[in-house]
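Overview (structure and organization)
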Amino acid sequence: MTESLLSAVMLMLPMGFMGSLHCVGMCGGLVSAVSLSRDRVWWSGLLLYQLGRVTTYALLGLVAGIAGAALHTFGGDMVQRLLAILAGSLMIVFALNLGGWLPDPLRRLSGWVARHLGLVRLAQHVAGSAGAGGWYLLGLANGLLPCGLVYAALSLSLAAGHAALAAIMMVLFGLGTIPAMMLVPSLFRRMTSAMRLHAMRAAAVMILVLGVMMVVRTVMHVHPMHTMAG
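For the structure given in this document, a descriptive report is provided here. Nothing here was measured: the structure is a model prediction, and the numbers come from that model.

With 36 residues, the main nonpolar core has M12, M15, L156, M170 and F173 as its most contacted residues. If you list the elements that add at least two residues to this core, you get α1 (2-26), α3 (43-75), α4 (77-98), α8 (148-160), α9 (163-182) and α11 (193-219). With residues near it in sequence (within four places) discarded, M12 still touches A153, L156, M169, M170, L172 and F173.

Below, the structure written as structure tokens:
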């Protein structure tokens, strides 16, 4: 368990951090709009928003871990390898989209989910409210938005085959996205479109390499949770 936890830290934190520029582009705009509606950035509210997202990720990871444990019971290591290959493939697709080389296949679905979750109305309520609970609730709801990177992370959690470890993995993933998301208002003010494009493509290449390594090493019968260990 200790070795698997170390592997999870080495994999999920960088994965969340490198993909966080995508988070800035997809759900960061909503948070930035709420933040900029105030005279100054409310850091406490932003932090509660992040905690809401991480809470949702942890719950999704717990569910994925329970499902993965059941699948492992019936399918053994073969199921874990297939899930790891799926996760690596999703990382590759996500990286290609992040770099601007592939259209986002989830854009329409994300818009549909956002409308049905009432995110715009919730964001408007948060913008006009002085309470902290709305920020946490906004984070909880935003964590449910369809996202290729989140799906890749959940696939890895499924492959873990252990409920607690899967939940921890998703918490680590969420924590990795926080630095960029906390700086969303500043980033939107200061980054030019060219700077953002270069940064996103650099992150895309790193995630692409990570996804290819995941697929190749899993095909070579390396346990998926050891992919980043050696």
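Alright, that's what it looks like, and here's the rest.
Note on placement: L137 falls in helix α7 (residues 133-142). Given the relative accessible area of 45%, L137 is considered partly exposed. In sequence terms L137 and G52 are 85 residues apart; their C-alpha atoms lie 6.4 Å from each other.

Before going further, it helps to examine a nonpolar patch on the surface. A cluster of nonpolar side chains, contributed by W101, V205, V209 and M213, occupies part of the molecular surface with about 350 Å² of accessible area. Inspection of the secondary structure assignment puts W101 in the loop between α4 and α5 (107-117). For W101, a relative accessible area of 43% gives the class partly exposed.

For the rest of this paragraph, the subject is the side chain of T177. Mapped onto the elements of the fold, T177 is located in helix α9. A polar atom in the side chain of T177 sits 2.8 Å from the side chain of R53.

Structurally, Q50 can be placed in helix α3. Under the relative-accessibility criterion, Q50 is labelled buried at 0%. If near-sequence neighbours (up to four positions away) are discounted, Q50 is found in contact with I178, M181 and M182.

Each value, and the rule that gives it
- Residues numbered from 1 in each chain as written.
- Predicted model: local features only at pLDDT ≥ 70, side-chain atom pairs only at ≥ 80, totals over all residues.
- Heavy atoms only, no water.
- Core = buried A, V, L, I, M, F, W, Y, C linked by side-chain atoms within 4.5 Å.
- Buried < 20%, exposed > 50% of the residue type's maximum accessible area, 1.4 Å probe, protein only.
- Helix = DSSP H or I, 4+ residues; strand = E, 2+ residues; numbered from the N terminus.
- Contact = heavy atoms within 4.5 Å.
- Patch = residues over 30% accessible without salt bridge, like charges linked within 9 Å, V, L, I, M, F, W, Y side chains within 5 Å.
- Areas by Shrake-Rupley, 256 points an atom, 1.4 Å probe, with all protein chains shown as cover.
- Salt bridge = Lys/Arg side-chain N within 4 Å of Asp/Glu carboxyl O.
- Polar contact = N/O pair within 3.5 Å; in protein donor to acceptor, adjacent residues only side chain to side chain.

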